[in-house]
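One-letter residues, chain by chain:
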Amino acid sequence: MQLAFQADDLYLKGGAYNACGVAFFRKAYSGGGRNLKLAVEMTQKTDFVGMLLQSFCFLGVLRHEMGRYREAQECFDGLLAVYERVRMCPSMARFAGIAKVAAGVRGRLNPPLDAGAEF
């Protein structure tokens, strides 16, 4: 994190926030969500697709586990939008669609997924 801030580079900051967020998530430390949210913001500015996909995915799963289902669905919507734009990893795009539906069902949100939406 220190090197990323010293360099004052969005690409490095996005990667550092992502790495910290994923590490905090895996160790169940608080702060993972904040770091992942910042990672999404930074990587959207640089359009580093791989890091953006990872940040959206982990942030969506973290929010789902925290019971913040509407926010989880929003993360999975962002993930689906990136997959749609870059047209890669169709199996992971399918996972994002299923995760969005699961968040909607778990949170009893109506409708859990747009009717007729393809993923």
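This structure is a prediction, so every number in the text was calculated from the model and none was measured.

Colleague: Can you lay out the environment of tyrosine 69 for me, pointing to particular residues and giving the numbers?
Modeller: By the secondary structure assignment, tyrosine 69 is in helix 5 (residues 69-86). Here the alpha-carbon distance between tyrosine 69 and alanine 39, two residues 30 residues apart in the chain, equals 20 Å.

Colleague: Would you mind going over the pattern of salt bridges in detail, with residue names and values included?
Modeller: Enumeration over the complete set of coordinates arrives at six salt bridges. In this structure, the salt-bridge partner of aspartate 8 is lysine 13, at a minimum N-O distance of 2.9 Å. Overall, the relative accessible area of 56% leaves aspartate 8 in the exposed class. In this structure lysine 13 comes out as buried when scored by relative accessible area, which is 12%. Close ionic contact of arginine 63 with glutamate 71 constitutes a salt bridge, the shortest N to O distance being 3.4 Å. Relative accessible area serves as the criterion here: at 13%, arginine 63 is assigned to the buried category. Overlapping salt bridges bring together Arg63, Arg68 and Glu71 as one network.

Colleague: If you had to explain helix 6 (residues 90-106) to someone new, which residues and values would you point to?
Modeller: Because each turn of an α-helix spans 3.6 residues, side chains separated by three or four positions end up pointing in the same direction. Compared with an ideal rise of 1.5 Å per residue, which puts 17 residues at 24 Å, helix 6 spans 24 Å between its outermost C-alpha atoms and is within 8% of the ideal. Every buried residue of helix 6 is listed here: Ala93, Ala96, Gly97, Ala99, Lys100, Ala103 and Gly104. Taken end-on, helix 6 shows its buried residues confined to a sector of 160°, consistent with a single buried face. Away from its buried face, by an angle of more than 90 degrees, helix 6 presents the exposed residues Ser91, Val105 and Arg106. Immediately beyond the C-terminal end of helix 6, within one or two residues, lies arginine 108, with a positive phi of roughly 50°.

Colleague: Provide a residue-level description of the packing of aromatic side chains, including the pertinent values.
Modeller: Enumeration according to the criterion identifies four aromatic pairs in this entry. Seen in terms of ring centroids, phenylalanine 25 and phenylalanine 58 are 5.4 Å apart; in terms of plane orientation they differ by 75°. Their pairing is edge-to-face. Placement of phenylalanine 25 in helix 2 (residues 10-27) and of phenylalanine 58 in helix 4 (residues 49-65) is noted, with a sequence separation of 33 residues between them. Considered together, phenylalanine 25 and phenylalanine 58 belong to a single accessibility category, that of buried residues.

Colleague: Explain the state of the cysteines to me, and be specific about the residues and the numbers.
Modeller: Structurally, a disulfide amounts to a covalent bond that connects the sulfur atoms of two cysteines. All chains considered together, the criterion is met by zero disulfides. Counting only cysteine sulfurs, cysteine 75 is the nearest neighbor of cysteine 20, a cysteine outside any disulfide, at a range of 18 Å. Among the residues examined, cysteine 20 registers a relative accessible area of 22% and is labelled partly exposed. This cysteine, cysteine 75, is not joined by any disulfide, and cysteine 57 carries the nearest cysteine sulfur, 9.7 Å off.

Thresholds applied
- Residues numbered from 1 in each chain as written.
- Predicted model: local features only at pLDDT ≥ 70, side-chain atom pairs only at ≥ 80, totals over all residues.
- Heavy atoms only, no water.
- Helix = DSSP H or I, 4+ residues; strand = E, 2+ residues; numbered from the N terminus.
- Salt bridge = Lys/Arg side-chain N within 4 Å of Asp/Glu carboxyl O.
- Buried < 20%, exposed > 50% of the residue type's maximum accessible area, 1.4 Å probe, protein only.
- Expected span 1.5 Å × (residues − 1).
- Arc of directions from axis to C-beta.
- Phe/Tyr/Trp six-rings, centres within 6.5 Å; stacked < 30°, edge-to-face > 60°.
- Disulfide = S-S within 2.5 Å.

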